[in-house]
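# Structural characterization, general
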Amino acid sequence: MKTVYIAMSADLITPSHVNIVQEARTLGEVVIGLLTDRAVAGYKRLPYMPYEQRRVVMENIVGVKQVMPQETLDCVPNLLKIKPDYVLHRDDWNTGVLRETRQRVIDTLKQWGGELVEPKPMPGITSTSLKRAIREVGTTPEIRRGMLKRLLEAKPLIRVIEAHSGLTGLIAETVSVEMDDKVREFDGIWMSSLTDSAVKAKPDIEYVDRMSTVSDILEITTKPIIFDGDTGGIAEHFVFTVRTLERLGVSAVIIEDKKGLKKNSLFGTDVEQTQDDIEAFAHKVSCGKRAQVTDDFMIIARIESLILKAGMDDALTRARAYVAAGANGIMIHSKEPTAHEVLTFCKEYAKFDDRVPLVAVPSTYSLATEDELAEAGVRIVIYANQLLRSAYPAMVQVAQSILRHGRAGEAEEHCMSIKDIISLIPERT
Ligand code: SPV
Ligand code: MG
């Protein structure tokens, strides 16, 4: 019996998947090389369904003999393992990210006289159109909540952007660019207290009610959310926040080790701010960990020692204590103009035996690149305020133009069209 290999991610199964399996069956026994989460996340969005769920679906498609993990986009390592007689692939991979892989497949198959068979793509439903439909339907708290942990397993660096409204949530959800044949998107959403407060014209002092913003963002997005929990309040209150966020499908909360009237960290020592005692904050973290119901939810401890000029040793001592208290991540904050002190922290942290993922927020040191931070061991980069900081001056400029000219005509070039704004948010009927 001949063997036929088909590589696929099989996230949202369409008739096209079933059809290619049926075509393959006419040639021999069908082996599916199922792309792992890591393999898919390397070039596009993390699949909606984790590998194990996708495997179960594919194993139950009539005609599938075996499902094996394909660890990268390149199926050649699997081909070398099973030496199939045929590889089946739709003839739509002669351009883009898969072009080189295609050639390597042809060259590899030659070694044992195997053949590449390329049926025409099936018209009709595509996984892209299904993904759009899924976004319109939304997601569930369970699926969304677990996504941050899945991303940490699947990708070396998680890229997160701030949102402070449904509209900015939509930007975080949908904006993408194509680079080097890969689709680059934000992986998750930061619910910043600074921008959530500023957009309500309130100072960032733990005053505004955040839950209505969470609800607006949940409504329009499917990506994982990291909630800026400020100080978390007193431990007795923090446990309720953890339960609420977890129930809503938020993936993580970050709390900072300050107490009393919290001010924004980027004031540094220009305003009075008090760092919490190590034991008290570690206790708050462990209370939160005990309160959560699922394994998916993450509590990330944010260290303010560098912001408050308490020194690198203090930052490292705290990191040790917070990890021991059960924190699932450490955010090291800095307001220096370069990444220097963050990178020093990372270097020392890398020597710890017990480590959890590191989070960095390059607001003031914005010239630091993702590659640089990832190289130092940072796993999550948060762009914490750029959407609001760019929107505000644009709005002021337009308001001034209207005043200056006594009409809105000159401001038009800075505005999206009326046609675009009225159709930006589709109705859901
Ligand atoms: C926020 O975005 O609200 C943050 C990060 O907490 S910072 O503004 O740098 O404190
Ligand atoms: Mg904040």
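Up top is the structure these notes are about.
One structure accompanies this document, and this report is about it. Since the model is a prediction, treat every value here as computed from it, not as a measurement.

It is worth spelling out the overall build of the protein chain at this point. Across its full length, the protein chain holds 18 helices and 17 strands. For the protein chain, the spread of C-alpha atoms along the three principal axes comes to 75 × 65 × 40 Å. Counting only residues that meet the buried cut, the protein chain has 48% of its 429 residues in that class. Within the protein chain, contacts between residues at least 6 apart in sequence are counted, and of these 75% link residues at least 24 apart. Total accessible area on the protein chain stands at roughly 21000 Å², and carbon and sulfur atoms take up 55% of it. Side chains of the protein chain carry 54 positive and 61 negative charges; the gap between the two charge centres is 2 Å.

Let us look at the pattern of salt bridges. Summed over all chains, the structure comprises 28 salt bridges. Between arginine 90 and glutamate 23 there is a salt bridge, and its shortest N-O distance comes to 3.4 Å. Here arginine 90 is found in the loop between strand E4 (86-88) and helix H5 (99-110), whereas its partner glutamate 23 is found in helix H1 (residues 15-25), with 67 residues between them in sequence. Overall, the relative accessible area of 30% leaves glutamate 23 in the partly exposed class. Of the charged contacts in the structure, one is a salt bridge between aspartate 257 and arginine 318, with a shortest N-O distance of 3.1 Å. Note that aspartate 257 is positioned in the loop between strand E11 (252-256) and strand E12 (258-259) and arginine 318 in helix H14 (residues 312-324), a separation of 61 residues in sequence.

We now examine the site of ligand 1. Around ligand 1 sit Trp190, Ser192, Ser193, Leu194, Asp228, Asn264, Ser265, Leu266, Arg302, His333 and Ala384, and those are all the residues in its vicinity. A distance of 2.8 Å is found between an oxygen atom of ligand 1 and a backbone nitrogen or oxygen belonging to leucine 194. The separation between an oxygen atom of ligand 1 and a polar side-chain atom of aspartate 228 is 2.8 Å. The fraction of the free accessible surface of ligand 1 (280 Å²) that becomes covered by protein chains is 100%.

Per the stated rule, a full pass over the model turns up 4 aromatic pairs. When the centroid spacing of 6.4 Å and the interplanar angle of 75° are considered together, the rings of phenylalanine 186 and tyrosine 383 count as edge-to-face. Placement of the pair is phenylalanine 186 in the loop between strand E8 (182-185) and strand E9 (188-191) and tyrosine 383 in strand E17 (residues 378-383), with a sequence separation of 197 residues. A network of ring pairs unites the aromatic residues Phe345, Tyr349 and Phe352 as a single cluster.

Taken as a whole, the second largest pocket spans an internal volume of roughly 510 Å³. Lining the second largest pocket are 25 residues; nearest its centre among them are Ala41, Gly42, Lys155, Arg159 and Arg184. Of all the secondary-structure elements, those providing two or more residues to the lining of the second largest pocket are helix H8 (147-154), E8 and helix H16 (370-375). In terms of residues, the lining of the second largest pocket owes the most to one element, E8, which gives 4 residues. Class assignment of the residues belonging to the lining of the second largest pocket gives a composition of 12 nonpolar, 1 polar and 12 charged.

Calculation notes
Residues numbered from 1 in each chain as written. Chains lettered and ligands numbered in written order. Predicted model: local features only at pLDDT ≥ 70, side-chain atom pairs only at ≥ 80, totals over all residues. Heavy atoms only, no water. Helix = DSSP H or I, 4+ residues; strand = E, 2+ residues; numbered from the N terminus. Buried < 20%, exposed > 50% of the residue type's maximum accessible area, 1.4 Å probe, protein only. Contact = heavy atoms within 4.5 Å. Areas by Shrake-Rupley, 256 points an atom, 1.4 Å probe, with all protein chains shown as cover. Lys, Arg positive; Asp, Glu negative; His and termini not counted. Charge placed at Lys NZ, Arg CZ, Asp CG, Glu CD. Salt bridge = Lys/Arg side-chain N within 4 Å of Asp/Glu carboxyl O. Near = heavy atom within 4 Å. Polar contact = N/O pair within 3.5 Å; in protein donor to acceptor, adjacent residues only side chain to side chain. Phe/Tyr/Trp six-rings, centres within 6.5 Å; stacked < 30°, edge-to-face > 60°. 1 Å grid on protein atoms, 1.4 Å probe; cavity = no way out; pocket = protein on both sides within 12 Å on 5 of 7 lines; lining within 4 Å. Points joined across faces, edges and corners; volume = space filled by probe spheres on them. Nonpolar A, V, L, I, M, F, W, Y, C, P; charged D, E, K, R; others polar.

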